[in-house]
Amino acid sequence: MEDKIVVLKFGGSSVADNERLKLVADKVIEFKKKYKKIVVILSAQGKTTDKLIHEAKELADDPNKREMAALVSTGEQVSIAKLSILLNNLGHKAISLTGWQAGIKSSIANKCAIIENINIFRIQKELAEEKIVIVAGFQGVNSNNDISTLGRGGSDTTAVAVAAALEADKCIIFSDVDGVYTADPNKVKDAKKLKSISYKEMIDISNEGAKVLHDRSIKIGEKYNIPIITKSTFNEQEGTEVNKTIEENTVKSVIKKDVSKISIVGEGIIRNTKLIENVINILEKSEAEVLRIEILDGKLSIIFKEIVDDLLLQKFHNISF
Ligand code: ADP
Ligand code: ASP
Ligand code: MG
């Protein structure tokens, strides 16, 4: 049995209903057989956060920000209590902790607050008692002792920050996709799964809209050198590891509203003449009108005047380096 701590995070679709929560419980129990110390971070169930925001907006055009944080943070509290009920019922010692119970101290903002520090005393105490510790994602407490939220998708950031504070071995982010792909696999067919990707590349593709990981979680992973593994809750596929050692060229595409942007991200791509030749070749053969080309450190982006067709996207996808 490994003595190291592992942090597991399950997103909204993974905890959407009781059936899925049972799958999550089974996964957690599997990990508990291998690792002595398990911390689980959960999101709200399914579309709960959207539903709560919508309901508040039915009550007020511009709902009070403090109360909004108090309202939307309840979603995660439901998930953690339910999973703990399940695990305890299955004979495993588990405890749920809200953000403040887990010592997650944030900046003053009610919305999009930043985690400033984590007092790990309580989590460690519960781990020492061999409990599975289940922490609410997306929330903290600010210096007024008010509840704060970390911005949409912020449970990933809770997970990696908790992993960093506990000096965990790794942080595994479970969701409805089995890893990081060269583009959103729900939008681009033939998108390829990456075995690994560097923090830097992952930050770039997340800034461009790949919401598979919250961008701030990757920055924390990089700063504290916590390997982040993205995997599916629903299959046993290998997943993608985000870490510092491996630099890999990746292609990804993002469709914007009335323009399209295709970016190629990777260390040293600007010096890769074969790649540049291939890009020019594709562009020359295409009818799509290029608005501009941006070249930044480790990133080449082509912005088109229009929404490009799938064929062109696939060509960029299959580009060889
Ligand atoms: P969770 O609710 O578990 O936090 P998210 O919905 O935030 O999950 O993130 C998973 C989704 O991210 C996938 O369903 C997928 O559509 C989307 N996604 C966007 N870009 C990528 C990418 N490059 N690789 C994998 N998934 C991506
Ligand atoms: N429940 C929050 C959201 O929907 C946080 C998260 O899921 O990461 O944005
Ligand atoms: Mg997410």
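Each remark here, short or long, concerns the structure printed above.
All of the points below concern the structure found in this document. Because the structure is a prediction, the values reported are computed rather than measured. (Residues numbered from 1 in each chain as written. Chains lettered and ligands numbered in written order. Predicted model: local features only at pLDDT ≥ 70, side-chain atom pairs only at ≥ 80, totals over all residues. Heavy atoms only, no water.)

With that out of the way, let us pick up the site of ligand 1. Residues in contact with ligand 1 amount to 17 residues; listed here are only the nearest, S175, D176, Y181, D184 and N186. With respect to ligand 1, the side chain of D184 contributes an N or O atom lying 2.8 Å from an oxygen atom. Along the lines of polarity and charge, the residues of the shell around ligand 1 split into 8 nonpolar, 5 polar and 4 charged. (Near = heavy atom within 4 Å. Polar contact = N/O pair within 3.5 Å; in protein donor to acceptor, adjacent residues only side chain to side chain. Nonpolar A, V, L, I, M, F, W, Y, C, P; charged D, E, K, R; others polar.)

To continue, consider the packing of helix α7 (residues 199-207) against helix α8 (residues 215-224). Between α7 and α8, whose axes approach to 9 Å, the crossing angle comes to 170°. Here α8 runs roughly antiparallel to α7, going by the angle between their axes. Seen from α7, the contacting residues are Y199, M202, I203, S206 and N207; seen from α8, they are D215, I218, K219, G221 and E222. A class-by-class count of the residues in the contact of α7 with α8 yields 4 nonpolar, 3 polar and 3 charged. (Axes fitted to C-alpha atoms, helices over the stretch in contact; angles between N-to-C directions. Helix = DSSP H or I, 4+ residues; strand = E, 2+ residues; numbered from the N terminus. Parallel < 35°, antiparallel > 145°, perpendicular 65-115°, else oblique. Contact = heavy atoms within 4.5 Å.)

Let's shift gears to the site of ligand 2. Close to ligand 2 lie S43, A44, T49, E76, F138, R152, G153, G154 and S155. E76 has a polar side-chain atom sitting 2.6 Å from a nitrogen atom of ligand 2. In isolation ligand 2 has 260 Å² of accessible area, and contact with the protein removes 86% of it. When grouped by side-chain class, the residues that make up the shell around ligand 2 number 2 nonpolar, 5 polar and 2 charged. (Areas by Shrake-Rupley, 256 points an atom, 1.4 Å probe, with all protein chains shown as cover.)

Glancing now at unusual backbone geometry. Backbone geometry places C112, a non-glycine residue, at a positive phi of 60°. Its location among the elements puts C112 in the loop between β4 (104-106) and β5 (115-118). One non-glycine residue, E167, lies in the positive phi region at around 50°. Within the secondary structure, E167 sits in the loop between α6 (155-165) and β9 (170-175). Here E167 falls in the exposed class, since its relative accessible area comes to 72%. (Buried < 20%, exposed > 50% of the residue type's maximum accessible area, 1.4 Å probe, protein only.)

Moving on, we get to the packing of aromatic side chains. Throughout the structure, instances matching the rule amount to 3 aromatic pairs. Aromatic pair F31 and F174: ring centres 6.1 Å apart, planes at 75°, arrangement edge-to-face. You can see F31 sitting in helix α1 (residues 18-34) and its partner F174 sitting in strand β9, a full 143 residues away along the chain. F174 shares its class with F31; the two are buried. Put simply, the rings of F10, F31, Y35 and F174 touch in pairs and so form one group of aromatic residues. The ring of F31 carries the charged tip of K34 above its face, separated from the ring centre by 5.0 Å. (Phe/Tyr/Trp six-rings, centres within 6.5 Å; stacked < 30°, edge-to-face > 60°. Lys NZ or Arg CZ within 6 Å of the ring centre and 35° of its normal.)

All right, on to the packing of helix α2 (residues 48-59) against helix α3 (residues 65-72) then. Across the interface, α2 lies against α3 with an axial gap of 10 Å and an inter-helix angle of 145°. Considering the relative orientation of α2 and α3, their crossing is right-handed. Of α3, the residues touching α2 (which contributes T49, L52, I53 and A56) are M68, L71 and V72. (Left-handed = near helix turned anticlockwise from the far one by under 90°.)

Moving on to helix α5 (residues 121-128). Listing the buried residues of α5 in full gives I123, E126 and L127. On an axial view of α5, the arc spanned by its buried residues comes to 100°, and they lie on one face. Exposed residues lying more than 90 degrees from the buried face of α5 are F121 and A128. In this fold, the buried residues of α5 make contact with β1 (2-10), β2 (35-42), β3 (94-97), β6 (132-136) and α6. Just beyond α5, the residue with positive phi is E130, at close to 65°. (Arc of directions from axis to C-beta.)

Next up on the list: the sheet that holds β3. Read from one edge of the open sheet, 8 strands run β3-β6-β2-β1-β9-β11-β12-β10, paired in mixed fashion. Each edge of the open sheet carries a strand with a single partner, namely β3 and β10 (196-198). The average angle at which neighbouring strand axes cross in this sheet is 20°, direction not considered. One ladder, built from 7 bridges, connects β1 with β2; its direction is parallel. Its bridge partner lying in β2, L8 is registered against V40. The strands touched by α1 within the sheet are β1, β2, β6, β9 and β11 (228-232), with β2 carrying the most contacts at an inclination of about 150°. (Pairing = 2+ DSSP bridges.)

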